[in-house]
Amino acid sequence: MRCFTAFRFSLNRLLLLGLCCSCWTAAAAQDAARQLMERLHARYQQIDALQASFVQILQTPYAERPDTLRGRLWLQGDRYRVETPRQTIVTDGRTTWVYLTDTRQVLINDYVPDETGFSLSEFLLHYSDRYDVRGGEAVTYQNTAYHRLHLRPLRPEAPFQEVVLWVRDRDLLVTRVDVRDVNDTRMTFLLSDLVLNPALSPELFTFRPPDGVEVVDLRQ
């Protein structure tokens, strides 16, 4: 009986030690993920402008197959230009133009930041007000090393319920973002051909409607 009691006591100690080690490992990983997020935040504070190619993959619960969209984007502060085969969206921070290619129509409106729209630069600069880093891991994808960070909102009613950032190890740039919103719509945003701080002309962030298109001015 004594041998069995001693064995059971030793086994309990081993299980407890393993549980403590797991907790310490998880805590260390959590701390490392938060430190990486702070480095990422500091990295993007140094970026004044950015241009890239992108692929957006959108999957809704009601669609049989995902919707894929490819295009180019240019960002500088609150100004941006996004060009796809379907439409061109441009803002100078005061006015927004949306050119619909199929209908040859331009919609003009006052610029209003949209909390339900995902902006990578805005997210990285202000994430700590809305999200908490819940974990991360090192992964290899297509022979490239990444850090994959998982974030969850601080508010249950936040428009995005889950955000996963893929941070390229060699230059600390985000090249993929996976997002799930409150309606269980999932979006994957892939960035390539990234150019940091390019010289961008102010004319890039204004839009002159082509001849013969309908212009709809929605400004007050």
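Residues numbered from 1 in each chain as written. Predicted model: local features only at pLDDT ≥ 70, side-chain atom pairs only at ≥ 80, totals over all residues. Heavy atoms only, no water.

## Some thoughts on the layout of surface pockets
Put simply, the test is: Points on a 1 Å grid, built from protein atoms alone, make a cavity when a 1.4 Å probe fits but cannot get out and make a pocket when they are open with protein on both sides within 12 Å along at least 5 of 7 lines; residues with an atom within 4 Å of a point are the lining residues. Grid points are joined across faces, edges and corners, and a volume is the space filled by probe spheres set on the points. A run of H or I in DSSP counts as a helix once it spans at least four residues, and a run of E counts as a strand once it spans at least two, with each numbered from the N terminus. The residue classification treats Ala, Val, Leu, Ile, Met, Phe, Trp, Tyr, Cys and Pro as nonpolar and Asp, Glu, Lys and Arg as charged. All others, Gly included, are polar.
Quantified by volume, the second largest pocket comes out at close to 200 Å³. As for the second largest pocket, its lining consists of 13 residues, of which Tyr 141, Gln 142, Tyr 146, Thr 175 and Leu 190 are closest to the centre. When contributions to the lining of the second largest pocket are tallied by element, the ones reaching two or more residues are β1 (49-59), β8 (144-153), β10 (173-181) and β11 (186-196). Here the lining of the second largest pocket is built from residues that sort into seven nonpolar, five polar and one charged.

## Notes on the nonpolar core
In a soluble, globular protein the nonpolar side chains are often hidden away together inside. Applied cut-off: To qualify as a nonpolar core, a set must consist of buried Ala, Val, Leu, Ile, Met, Phe, Trp, Tyr and Cys residues joined through side-chain atoms within 4.5 Å. Type-normalised accessible area, obtained with a 1.4 Å probe on protein chains alone, sets the label of each residue: buried when under 20%, exposed when over 50%, and partly exposed for intermediate values.
Judged by nonpolar contacts, the single largest core of 26 residues is most densely connected at Leu 40, Leu 149, Leu 151 and Leu 165. Of all the secondary structure elements, the ones that give two or more residues to this core are α1 (2-45), β1, β7 (131-141), β8, β9 (160-168), β10 and β11. With five residues, the single largest contributor to this core is α1. By size, the runner-up hydrophobic cluster in this structure holds seven residues, among which are Val 90, Val 106, Phe 207 and Val 213.

## Quick word on the sheet that holds β1
As a general point, the strands of a sheet are linked pairwise by backbone hydrogen bonds and lie either parallel or antiparallel. For clarity, the cut-off: When DSSP finds two or more bridges between two strands, those strands count as paired. Lines are fitted to the C-alpha atoms to define the axes, a helix being fitted only along its stretch in contact, and any angle between axes, read from their N-to-C directions, falls within 0 to 180 degrees.
Ordered in space as β7-β8-β9-β10-β11-β1-β2-β3-β4-β5-β6-β12, the twelve strands form an open sheet in which the pairing is mixed. Each of the sheet's edge strands pairs with one partner strand only, and the pair in question is β7 and β12 (214-217). Within the sheet, the average angular offset between the axes of one strand and its neighbour, ignoring direction, is 20°. Inspection of the sheet shows β1 paired to strand β2 (residues 67-76) by ten bridges, in the antiparallel sense. Residue pairing in the sheet places Leu 50 in a bridge with Leu 75 of β2.

## Some remarks on the confidence of the model for the protein
To keep things clear, this is the line we draw: For every residue, the predictor states its confidence as a pLDDT score lying anywhere from 0 to 100. Contacts are assigned to residue pairs that have any heavy atoms within 4.5 Å of one another.
A residue-level look at the protein finds 80% of positions with pLDDT of 70 or above and a mean pLDDT of 82. Counting interchain partners and residues more than four positions distant, the pLDDT-below-50 stretch residues 19-24 has zero contacts.

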